[in-house]
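Geometric and topological summary
What follows is the residue order along each chain.
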Amino acid sequence: MIKAIKGAKDLFYDEVVRWQALEKLVREIFENFNYSEIRTPVFEETRLFARSIGEETDIVSKEMYTFTDKSGLSITLRPEMTASVVRAFIEHSLGKQFNLNKFYYIAPMFRQERPQAGRLRQFHQFGAEALGSSSPSLDAEMIILAYEILKQLGLKKLSVKINSLGSPAEREEYRKVLREYLKPHYDKLSETSKVRFEKNVLRIFDSKDERDIEIMKDAPRLLDSLGEESSAFFEEVKELLSKAGVEFETDTALVRGLDYYTHTTFEIVSESVGAQSALCGGGRYDLLAEQLGGTPTPGVGFAAGMERILLACANEEIEVGKKEKVKLYIVRIEKELKNKAFELALFFRRHGIKTELDYLSRSVKAQMREANRIEAEHVLILGGEEFLKNEAVLKNMSDGSQKNVSLANLEAVLKEISG
Ligand code: HAM
């Protein structure tokens, strides 16, 4: 038997209802904040991700789905959207049309990670990217946006973590300080951290190794060595968050797994999802546009993992979305009336009524059972003496009442059903 690829999921019935409800809420909130949807191709040239996310990151070095197409081009299924959005922004000179571009997306991403609860190989993110402003109000807006969506879903066990990685110059200076601090501990570091020491020393903060954690506990923090400007920027973000009623904690070890960040970084984590606790993450990336060959343009954004959010909702017993019930089920008594039933169903469907009928040559009893099973609001029974009078019986399934309706006046039946 051929199965779906490991770490990729089929969605149907009740689960799709949950996804649709989440997508609807996300769209509404993004639109309220005046973000426009952006859609980009699922694949890109591999070098786009190498140049933006960073060659040494786990995503680029271990997790990408990369292949060579028939023309010899190296292509990668996108592991995230920020690089694609900035690529599109540059390619279409969007900065010339508007000073500020605010985009949102809801889209599948691909990373070859070890699948587990809340971690997939094809997963879905909703997210936002704003290009063209270096105002701290946009950093705050991103955090508030993400928080608002999670709150409106009803999630409770959330914490917002924020940090600042400062300017590139400040970070470069800090890297030296951190290496100096680590030198005497080098031999005790895990093998992964030894590699990171050379290539991306900040990422040692992400290590889950007990000994590394112990060593990093007393490491100097980047946040403490920020200059005046960067500190003031971070203070303003925090002030805006406080005014918005968003509780947060400063996490000086929050370095994030992608290389493009400057200044603000943030994550919202949930206690309800186990090991994969980050529901969303983001931050500012003021150098990315330039790095990808565009004119220097500040940017900030975030992305949230939809599988994890729905998992958190399930674990907190939050019901997300409800399937719309069938409004009308047409039961035909005589088999010869099946085309009449089909024709009537089409009429009601064309008038916006969710309608169902029998396709399996079922008995009248079985058709009624089916109408009950799907909890249809009304049943229209077609046949018998009534049909000879060009009438049918309309039954209201919630109170059991029924009445004869004329098939010559379907508008009246429509009104009755729409009630
Ligand atoms: P990220 O932290 O790599 O950031 O991913 C954002 C979120 O996507 C995570 O917090 C998590 O909920 C979800 N996620 C990541 N990997 C998986 C996976 N394998 N399975 C399920 N969910 C996953 C970014 O992607 C950045 N582009 C965020 C950003 C936007 N920064 C600025 N703008």
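Residue numbers restart at each chain and count upward from 1, following the sequence in its written direction. The predicted origin of the model limits local features to residues at a pLDDT of at least 70 and limits the giving and counting of side-chain atom pairs to 80 or more, whereas totals for whole chains, interfaces and linings rest on all residues. Side-chain calculation: all heavy atoms of the structure are included, whereas hydrogens and water are not.

1. A short note on the domain arrangement of the protein
By convention, interface size is frequently given as the accessible area that disappears when the constituent parts associate. Along its sequence, the protein is organised into domain 1 (14-166 + 226-315) and domain 2 (328-418). Per the annotation, domain bounds derive from an automatic or database assignment of domains. Its C-alpha centre places domain 1 at a distance of 49 Å from the equivalent point of domain 2.

2. Structural notes on the site of the ligand
Definition of nearness: a residue and a molecule or strand are near each other if at least one heavy atom of the residue lies within 4 Å of the molecule or strand. For the ligand, the set of nearby residues contains 27 residues, the closest of which are Glu80, Glu113, Leu120, Glu129 and Tyr261. Pairs of N or O atoms are called polar contacts if they sit within 3.5 Å, as long as, within protein, a hydrogen donor faces a hydrogen acceptor (for residues adjacent in sequence, only side-chain-to-side-chain pairs). At 2.8 Å from a nitrogen atom of the ligand is found a main-chain nitrogen or oxygen belonging to leucine 120. In the complex, 96% of the free accessible area of the ligand, which totals 660 Å², lies under the protein chains. Counting from the N terminus, the helices are DSSP H or I runs at least four residues long and the strands are E runs at least two residues long. Those elements that place two or more of their residues in the shell around the ligand are strand E6 (122-131), strand E10 (278-284) and strand E11 (299-305). Broken down by element, the shell around the ligand gets its largest block of residues, 6 residues, from E10. Each residue belonging to the shell around the ligand can be placed in one class, and the counts come to 12 nonpolar, 8 polar and 7 charged. All accessible areas in this document rest on Shrake-Rupley with a 1.4 Å probe, and a residue is counted as covered only by the protein chains that are shown. Ten residue types, Ala, Val, Leu, Ile, Met, Phe, Trp, Tyr, Cys and Pro, are classed as nonpolar, four, Asp, Glu, Lys and Arg, as charged, and the remainder, Gly among them, as polar.

3. Concerning the sheet that holds strand E1 (residues 36-37)
Strand pairing in a sheet relies on backbone hydrogen bonds. The paired strands run either parallel or antiparallel. The strand order E1-E5-E6-E11-E10-E9-E7-E8 describes an open sheet built from 8 strands, whose pairing is mixed. Each edge of the sheet is formed by a strand with only one pairing partner; in this case those strands are E1 and strand E8 (248-250). Residue contacts are counted whenever heavy atoms from the two residues lie within 4.5 Å of one another. Note on geometry: axes are lines fitted to C-alpha atoms, helical ones only across the stretch in contact, with angles between N-to-C directions running from 0 to 180 degrees. Contacts from helix H6 (residues 136-153) reach strand E5 (101-110), E6, strand E7 (158-164), strand E9 (262-270), E10 and E11 within the one sheet, and its direction differs from that of E9 by about 10 degrees. Strand pairing is assigned whenever DSSP detects at least two bridges linking the two strands.

4. A look at the side chain of threonine 355
Here threonine 355 lies in strand E13 (residues 355-357). Three labels apply to residues, based on accessible area from a 1.4 Å probe with only protein chains included: buried if under 20% of the type maximum, exposed if over 50%, partly exposed otherwise in between. For threonine 355, a relative accessible area of 7% gives the class buried. Sequence-distant contacts of threonine 355, that is, excluding residues within four places in its chain, are made with Val326, Leu328, Ile330, Ala345, Phe348 and Arg349.

5. Some points on the sheet that holds strand E2 (residues 43-45)
Read across the sheet, 3 strands follow the order E2-E4-E3 without closing on themselves; strand pairing throughout is antiparallel. Lying at the two open borders of the sheet, with one neighbouring strand each, are E2 and strand E3 (65-68). Along the sheet, successive strands turn relative to each other by an average axial angle of 30 degrees, direction set aside. Taken together, the 3 bridges between E2 and strand E4 (residues 74-77) define a ladder with antiparallel strand orientation. The residue bridging glutamate 44 from the neighbouring strand is threonine 76, located in E4.

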